[in-house]
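What follows is the residue order along each chain.
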Amino acid sequence: EPVTVTVLCGHRIVPPFAGDGAEPGQVGVNWAELPDGSRVAQRGNDEIELPSGSVYGKRWHDAVAAKDRDRDRLEKTQAAVAARAACPPATTA
């Protein structure tokens, strides 16, 4: 079903600081993938209305891995919800 996504993320412009002499981290990226497969880039502090079938994604290093991970997580959640709906209600003796 459609949903409004509001995101407040840091480190989308300024890289995360490093400690102990390490190099700073990489900035992240947020996007929404619509049912037709197109992507809409999102800022760190943003809001978007998503139609049913959309996926919201974020990445730190590898957009493909993040997209796959987010889609896998969504599919697992949908499967768990479907499994719960298929279970008969608990009865009391």
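Below is a summary of the structure that appears in this document. (Residues numbered from 1 in each chain as written. Predicted model: local features only at pLDDT ≥ 70, side-chain atom pairs only at ≥ 80, totals over all residues. Heavy atoms only, no water.)

## Points about the overall build of the chain
And step 1. Each helix and strand counted, the chain has 1 helix and 5 strands in total.
And step 2. Ordered by position from the N terminus, the helices and strands of the chain form the series β-β-β-β-β-α.
And step 3. Of all 93 residues assigned to the chain, the portion counted as buried reaches 19%.
And step 4. Restricting the contact set of the chain to residue pairs at least 6 apart, pairs at least 24 apart contribute 47%.
And step 5. When the accessible surface of the chain is summed, it comes to about 6900 Å², and 57% of that surface belongs to carbon and sulfur atoms. (Helix = DSSP H or I, 4+ residues; strand = E, 2+ residues; numbered from the N terminus. Buried < 20%, exposed > 50% of the residue type's maximum accessible area, 1.4 Å probe, protein only. Contact = heavy atoms within 4.5 Å. Areas by Shrake-Rupley, 256 points an atom, 1.4 Å probe, with all protein chains shown as cover.)

## Considering the environment of Val40
And step 1. Relative to the elements of secondary structure, Val40 occurs in strand S3 (residues 39-42).
And step 2. Judged by relative accessible area, which is 30%, Val40 ranks as partly exposed.
And step 3. Once the C-alpha coordinates of Val40 and Tyr56 are considered, the two residues, 16 residues apart in sequence, prove to be 9.5 Å apart.
And step 4. Those residues in contact with Val40 that lie beyond four places of it in its chain are Trp31, Ala32, Leu34 and Ile48.

## Let's talk about the nonpolar core
And step 1. In terms of nonpolar packing, the biggest core is built from 5 residues, these being Val5, Val7, Ala32, Ile48 and Leu50.
And step 2. Secondary structure elements with two or more residues in this core: strand S1 (3-8) and strand S4 (45-50).
And step 3. Among residues more than four places away in sequence, those in contact with Leu50 are Pro2, Val3, Val5, Ala32, Leu34 and Tyr56. (Core = buried A, V, L, I, M, F, W, Y, C linked by side-chain atoms within 4.5 Å.)

## A closer look at the side chain of Asp46
And step 1. Among the secondary structure elements, Asp46 is positioned in strand S4.
And step 2. Within the local environment of Asp46, its side chain forms a polar contact with the backbone nitrogen of Arg43, the two atoms lying 3.0 Å apart.
And step 3. Residues within four places of Asp46 in sequence aside, it is in contact with Val5, Thr6 and Val7. (Polar contact = N/O pair within 3.5 Å; in protein donor to acceptor, adjacent residues only side chain to side chain.)

## Some thoughts on the side chain of Gln42
And step 1. Among the secondary structure elements, Gln42 is positioned in strand S3.
And step 2. Look at Gln42 and you get buried, because its relative accessible area is 12%.
And step 3. When residues no more than four places from it in sequence are discounted, the contact partners of Gln42 are Asn30, Trp31, Ala32, Glu47, Ile48 and Tyr56.

## Some thoughts on the pairing of S3
And step 1. Relative to S3, strand S2 (residues 29-33) is paired through 4 bridges, and the arrangement is antiparallel. Considered in S3, the bridge of Ala32 is made with Val40.
And step 2. Turn length for the S2-S3 hairpin, with the two strands adjacent in sequence and antiparallel, is 5 residues, and the turn residue Gly37 shows positive phi of about 95°. (Pairing = 2+ DSSP bridges.)

Fair warning: the whole summary comes from geometry, so function is off the table for now.
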